[in-house]
Structures are given as C-alpha cells and as structure tokens.
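# Fold and geometry: a report
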Amino acid sequence: MTDFKGKIGRTLADSEPHFAEPPHPGDDAPNVVIVLMDDTGFAQFGCYGSDIDTPNVDALAAGGVQFTNFHVTPLCSPTRAALLTGRSQHAVGMRGVSNWRTGFPHQLGHISNSASTIAEVLHGEGYATFCAGKWHLAPTENISAAGPFDQWPLARGFDRYYGFLEGETDQFHPELVRDNTHIGPPAKPEEGYHVSEDLVDQLLQMINDSKGVRPDRPFFAYLPFGATHAPHQAPQKYLDKYKGRYDEGWDVIRKRWYERQIELGVIDADTTLAPRNPGVDAWEDMPETHRALACRLQEAFAAFLDHTDDQIGRFMDGVRHMGQLDNTIFVLLADNGASQEGGPFGVMHEMKFFNGILEMPEEAVERIDDIGGPNSHTNYPWGWAQCGNSPFRWYKQNTHEGGVHVPMIMHWPDGLDSAAGTKRSQFVNVSDITPTIYDLLGVTAPETYRGIEQMPVTGQSFRSVLEDADAPAVNTLQYFENAGSRALIAEIDGVWWKAVTKHRQGDDFDTEPWELYNLSSDPSECSDLAEAEPQRKDELIALWWSEAEQHGVLPLDDRMLELFASHPNDHSPHRLDRTYVYRPPMSSIPAQASATVGARSFDLTARVTRTAGDDGVLWATGTANSGFSVFVQNGRLCADYNSFDNHTIVESDIEVPVGDSTLSVHMERDSRTTGWVEVSIDGKPAGRGVIDFYMRMVSSIGSSVGQDHGSAVSTRYEAPFAFAGTLHDVTITLPQKRNRTTDEANAASEMSRQ
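Summarised in this report is the structure supplied together with it. (Residues numbered from 1 in each chain as written. Predicted model: local features only at pLDDT ≥ 70, side-chain atom pairs only at ≥ 80, totals over all residues. Heavy atoms only, no water.)

### Some details on the pattern of salt bridges
Within the structure shown, the criterion is met by 37 salt bridges. Of the charged contacts, one joins Glu141 and Arg101 as a salt bridge, the two residues approaching to 3.4 Å between their closest N and O atoms. Here the residue Glu141 occupies a position in the loop between strand S3 (128-134) and strand S4 (160-164), and Arg101 occupies one in the loop between helix H2 (76-85) and helix H3 (118-124), the gap between them amounting to 40 residues. Glu141 gets classed as buried once you look at its relative accessible area, which sits at 16%. Of the charged contacts, one joins Glu299 and Arg296 as a salt bridge, the two residues approaching to 3.4 Å between their closest N and O atoms. Here Glu299 and its partner Arg296 are both found in helix H7 (residues 288-321), three residues apart, which amounts to about one turn of the helix. One network of salt bridges, with partners in common, ties together Asp38, Arg80, Lys134 and Asp335. (Salt bridge = Lys/Arg side-chain N within 4 Å of Asp/Glu carboxyl O. Helix = DSSP H or I, 4+ residues; strand = E, 2+ residues; numbered from the N terminus. Buried < 20%, exposed > 50% of the residue type's maximum accessible area, 1.4 Å probe, protein only.)

So this is what it looks like as structure tokens:
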C-alpha cells in the first residue's frame, strides 16, 4: 500500500481512487526488429558481392544504411550476448558458447543478471517483446523440460518465444520450444515443413496477436535464424536452382565476388584479395570427385541462404501489411564469419568425423543427391568458406577479419529516409548496436534491474554515423578474443591498426607471435608489419592487455572441446550413480541432458503393461542418420542400432507377453570399434546381434521416451511410432567409470553445433 497515491477514508465517499498506469513508450515510438544470421560471411549476400539471390536483403540495403566495416566476435553465443546487452561478451559471462561453465565470471554459460538485455529494457519501457529462433544463451544442461528456466528467453525479457535453445538444429526435424515448453514440429518435411518458414509464421502471429488487440503498443522482435549454420538444408526447388552454378570452382568464384565487391563499393578498389588459406587447395589441382562433392555442398549453402532471404522477405511483407514497416528500426547482421567446421573436403555426415571415420569425397559422392535434404547433415569445405569471407583470411573462431568482419544493415524509412541507399565505412562493433537503438528511442538502460545493480553499457552509440556519412567513427578501440586467439583494432593518429594472434591450444600466450596490419591501407590483412614496426605492435599488445583487464577477459583460457564434458553430481541431470529413470509422458531430452550411451556398455530396462497389438517405441536416441531405438513390433522386442545406415537389428525369438513384463537390452562394447546387443524378456535372453561399428558418439540429437521424435532412427517404422501400451518407466544404467573416448567424441560433436 505504500505506493498508493490516492486517499483511503472510512467510506468510499471520503476516499479517492488512483489507477497506476503501466509504462508506455508513446504513440509514435518505433518498433524494433533485429534479424541475426548464423555463420554468414562478409561476401555472401548479393549486396555484399555474391551471386546468391538475396533480393530481400538487397532491398533492405537499398532502402537503408549498409555497413562495410562492421565487426562481431568470432563465435555465436558471445556475439549474441554482446548484441543483446550492449556490453563486452566477457564482462557479461559469455567468452565462449553457452555449453560451457568454467567457474570464472567470464564464462557463466548465460548472460549475467547484472547485464539487462535489450528485451528486458524495452519491456520495462512498455514494448511487447518477442523472439523466434536460435537462443543459445542458457547452460545447455538446463535446456530440457526440467529447466531451470531462469536463463530461457521468457526469463530474460521476452513475452513470447518460439525456436530452439541449442547451437544448431535440423532444419526439417527441429528440437522446438514454445515459451517454456518443448514441442514437436507442426508438420513433416514431406508436407513442406522447414523451420525457417515456421519461425517467420510464428513471429508474425505473435506480432499480430499483440497489434490486433493493442495497436498502440510497439514491439521488439528478435529473429535469430538457424540459417546459415550447418546443417545446410533447403527445399528441393532451391537446391535445383543452384545445380551447376559453382562448377567453375572456388578460385574463379571468389575472384568474381571480390571484383563485384569493388564494383558495388563494398571494399575499396585497392583492397588485396587474400591468398588461399592454408589447407585450401587450388581448384584445378583437385580430383574430380573432390570437386563434385565441394560444388554440391556449396549449392546447398546457396540454396539455404536464398531460402532464408525469402523468409526475411515474407517477414518484411507481413510487417508492411500491418502498416508498420516505415516506423520499424530494422537491423540485420551476422554473428560471425563463414564456418570452418566443414574441414578441407566438406562433410556429408558430421557424426562420422566424430567417430574417427574420415569420410573421403570418393565415398561421400555416393550419396551426393542427399545433400541439402532431410537425410543429410552437411557443411561445406574451407575453400567455399573463405570464398564467403572474401576478401579476407581465415574463418569463424578466428580473430582475423574472416572471423569477425561481417555484413550489417539498418533500415528505418521514417527515421533514416535521407540516408536510404548509402553505405558507411566507419568501424562499428556488435556491442554498439543496442546503445544506438537506445539512443534512437530516447531510452536509458537502468542502473538497477529487479533489484540487481547493473554493469554499465560499454558499447557506443553510432547515431551520429547513421545521420552523417562523413561523421567520424565513435568506437576507436576494440578488443577481440576467442580461446586464446586475440586481436585489437585501434585508430591512432587517423590510421586504423590491428594487432592479431592466431592461438593454438597449448602455446604460450606470452611468446606466441603477433601480426600487425595497417587496416587503412590493408583491410584484408595481407601485409604483416610486425617486424617493420615492432614498437607499434608492442603498443597495441599493451593496449590489448589493458582492455582485457577492463572488460573481464582474464584469465586467458584456451580450453574448448574438454569443456563440453558433463560433470556428474546429484544436483544435475547426470547423477553420480549414472542411473537415469524416465517415466512417460515426457518431452524429448536434449543431448547434453540425456544419458550418454556412445562408446560404452550399458543396460536399458523398460517396465510395460500391454494388450495384444500394443506396439511402439520404448526409447530412442539420434536420427535417421545414426542412432539407437528400442521398440516392440508385431509383439516382439526389437533393438535397432543404426550406425550410419548400417542397421544391426535384433528381434526377440519369443513374444512379449500380454500383461506386465520387464523388457531389457544390454549393450556391450567388446573392442575399440565393435560390440554386441542382446534383448531379454522378463530376464530371459531372447536374441543377440553383432555390431560391426560401435559408435563412440551416437548423435548430437538427444533422446525420447515412449516414442521416436524427429526423423525415425529405424527404417522399420514411421516416427513417432508411440508405444500403444502402458510404459511405466525406462531405466538406463551406465558404468560408473567415465569413458574418455566418449567424452572427447561428445565434446567434438557439440563443438560442431556452435
């Protein structure tokens, strides 16, 4: 009652009511939209040089302001943290991906509660706030239906959420969440489903739901696509469109894109096209099978980006149809450069790599027609990734320009009409976007939020640059760091300098070599001046250490893969007794919260009650590409171990009885690569099969109980093939001793998803 501003007397007659008004940003307040692309390189949009059809992004650039010197972090979660808070990614607890927690403030696995997000701030100003897409800002051990939910989107300022919480998802069979609830996709691939289309449909409905009832209330919409992160998947008509387009190879195409970048004014005419990165072969020296596979993988990427551009267009059309586009601040950017995770040849099936199987192009081309479709999980090779990063060197994960120099466009007809169709070459960093939006809206970030003192917003508004193409850059000193790789960009006496080191895990941080570049004359980092100007190099290195201390970058930590391993304790999904008990109905369980069954022996027991004809899946993990499923079919207990389409299927030689029974499966690894599976009914062995290749990493997709969610692990049924009887529980027991091989494989697989 202390906040009541009316008067309370003995009766209504001698009292005065007071109605508290909720915050409202004003009738003319603009909407805000941020569209975030994943692993999209500097050159890959048409308006940045490529020949990929992106007319809707190109239209945003033609009607807005196109930035040609925009920088991000080298990895997805850190960029998202800096973007949404306007602060250093290290300072807010996200030096790396949200899968990691290291016990240090710079890697919490989530955004610090001392750093309010733009959604939290704008919600407090009276905005409706919506998110549809990839989150990857919550500890992945906590993204199952068990929560906790304190770092999910709804807890960080969003009114509504629809999307996926992990670093990647299958575009045809996504692991979806609506608000705080895990759900299945609304349709199947054969019905035309693709998650990018679904995200746009859902986001437009959220906005219409809000505007239809409260047209006075502006909205903030965050649309982080899964595209163009692997797997590169698109509808068939898009794949068909690009067949043969890249047969000339990456050397010819990269030069063509580079020349078009000069023609468009995206880079200066005197910019050097960087030489091929180490490990990228000359196209003319490659065997025909290598070329054929590489071309098809690039076609799939192009189709994926083209399809995503069409979804951006559909979203713009929806906002336009509402009459809201002109008064919407629309920001589009990428989270880091093009990905290097496809390796030198590209990958047809990433799980083979993490099982120690080097899939050579000669083998992969046998399934070349699967590329880009529901039965593939592909990523393109280094040569095409460097092409996408033209004219720069290196890739995502690296602090060289190829990893951190990406596209960014701002579009706002009511506010930037006089600047429409112009470019800006001033340096801007991702942490500067939210402060600029605050500046345009007249909003000040709170000093405290929910009773917690907030760290200062350290990004800098570049509103002056938006309004004046000749205005100087406002951010003139910016550090970069990822797993020990470091860089610093600084303007000194009118010249833009960059010091950068490409760290290798285990190397000494103090003695590893740094490179030095004059970005004003050498933006593609081709002429290393470290030996010619050692004093300048040392000056920038000292500045880097100073910035590192100020922004919480220390301690330097080059661990990556090892940080993905689970840490069993009795207050986590992974108990010390290594026993997992699941009782349906249950939502699907993400991989990092599931029982890890690769490369180890284990026991599975299911207690069921059934009548005649009650068949279905008891437990499954993985996908149609690789996985393991236990099910009842035609009255028999079956186990299908799907090792990259090589199915070991064991069917019980006796029927599962009507009534109560205990169904068991024992998996035994008897060598480094082989094993066997045995099924039992009420303790009686009923069938055994030999496994020719015992996977150390089954899948990056988790498990499901009482059904098979996603693509069917076994060819003997159609998903979900839910169990028709009563499944009381499923118990999985793992050996007490940790398996180092499994931990390493799981870690490598999870890294591929980032």
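### Remarks on unusual backbone geometry
Along the chain, Ala230 connects to Pro231 via a cis peptide bond; the corresponding omega equals 0 degrees. Structurally, Pro231 is set in the loop between strand S7 (219-224) and helix H5 (236-241). Looking along the chain, the bond that leaves Pro584 and enters Pro585 is cis, with omega of 0 degrees. Following the sequence through the fold, Pro585 ends up in the loop between strand S18 (579-582) and strand S19 (602-610).

### Things to note about the environment of Phe693
Of note, Phe693 is situated in the loop between strand S26 (684-691) and strand S27 (703-705). A relative accessible area of 19% means that Phe693 is categorised as buried. Placed 50 residues apart in sequence, Phe693 and Ser643 show a C-alpha to C-alpha distance of 6.7 Å. When sequence neighbours within four positions are dropped, the list of residues in contact with Phe693 reads Asn355, Ile357, Tyr641, Ser643, Phe644 and Thr673. (Contact = heavy atoms within 4.5 Å.)

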